[in-house]
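Fold and contact review
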Amino acid sequence: MSDKPYIDDHNVLHILDEKILPGQHKRLNLHTAKLYTTSSVDVPVIIERSKKKGPVVLITAGVHGDELNGIEIVRQFLERKMNKPLIGTIICIPVLNVFGFLNMQREFPDGRDLNRIFPGSKKGLWPVGLPFN
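Residues numbered from 1 in each chain as written. Predicted model: local features only at pLDDT ≥ 70, side-chain atom pairs only at ≥ 80, totals over all residues. Heavy atoms only, no water.

1. Looking at the environment of D17
Within the secondary structure, D17 is located in the loop between β2 (13–15) and β3 (18–20). On the accessibility criterion, D17 (85% relative accessible area) is exposed. Residues D17 and K4, 13 residues apart in the sequence, show an inter-C-alpha distance of 9.7 Å. (Helix = DSSP H or I, 4+ residues; strand = E, 2+ residues; numbered from the N terminus. Buried < 20%, exposed > 50% of the residue type's maximum accessible area, 1.4 Å probe, protein only.)

2. Side note on the nonpolar core
Nonpolar side chains tend to gather and get buried jointly when the protein is soluble and globular. Counting residues in each nonpolar core, the largest one holds 24 residues, and the members touching the most others are I15 and I47. When residues of this core are traced back to their parent elements, those giving at least two are β2, β4 (25–34), β5 (40–49), α1 (69–79), β7 (89–93) and α2 (98–103). If one sorts the elements of this core by residue count, β5 sits on top with five residues. Not counting residues within four places of it along the chain, the set of residues in contact with I15 comprises P5, I20, L28, I47 and I91. (Core = buried A, V, L, I, M, F, W, Y, C linked by side-chain atoms within 4.5 Å. Contact = heavy atoms within 4.5 Å.)

3. Looking at a nonpolar patch on the surface
Together, L68, F101, L102 and M104 make up an exposed nonpolar region whose accessible area comes to about 360 Å². Within the secondary structure, L102 sits in helix α2. Taking the relative accessible area as the measure of exposure, L102 reaches 53% and is therefore exposed. (Patch = residues over 30% accessible without salt bridge, like charges linked within 9 Å, V, L, I, M, F, W, Y side chains within 5 Å. Areas by Shrake-Rupley, 256 points an atom, 1.4 Å probe, with all protein chains shown as cover. Salt bridge = Lys/Arg side-chain N within 4 Å of Asp/Glu carboxyl O.)

4. Thoughts on the side chain of N11
Relative to the helices and strands, N11 resides in the loop between β1 (6–7) and β2. Look past the residues within four positions of N11 in its chain and what remains in contact with it is I20, P22, R49, K51, K52 and K53.

5. Regarding the sheet that holds β2
Spatially, the three strands line up as an open sheet ordered β1-β2-β3, and their pairing is antiparallel. With one partner strand each, in any of the chains shown, β1 and β3 form the two edges of the open sheet. Both β2 and β3 contribute to a ladder of three bridges, which runs antiparallel. By the bridge assignment for β3, I15 is matched with E18. (Pairing = 2+ DSSP bridges.)

6. Describing the pairing of β7
Buried residues dominate β7, accounting for five of its five residues. Burial along β7 is two-sided: the residues T89, I91 and I93 and I90 and C92 are all buried. Relative to β7, β5 runs antiparallel, the two sharing four bridges. From the neighbouring strand, R49 faces β7, where its bridge partner is T89. In terms of strand pairing, strand β6 (residues 56–60) meets β7 through five bridges, oriented parallel. In the strand pairing of β7, V56 is matched with T89. Once the chain exits β6 it traverses α1 before rejoining the sheet at β7, and the crossover so formed is right-handed. (Right-handed = clockwise from strand over helix to strand, strands pointing away.)

Written out as structure tokens, the structure reads:
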């Protein structure tokens, strides 16, 4: 088993503690944190798989919470069902910086810019210093 997403020898995608078979589609939630109100902050992850093995394409938007154009493009892409691959897998994450989106700000609440901290830390999704939950 691996904590990182992977596709096994039977073409099954293992991601976020789920197994997604060829031809399946799923909407998963990536739990990012809890607000001070104890409400969960989850990022939607929309996955569409073809029955045929092939490449994996990741489509993201919302790196900057105050830039809404990309978020709307991904929304329309999903609405028009353009994320149904003929081969392989398409993964859509409409809003990466959910904190910035909720606050209508470019950065995280602590002032860091998500675009400037890629690829993050080997110990987790976030760079050192930003709590995960």
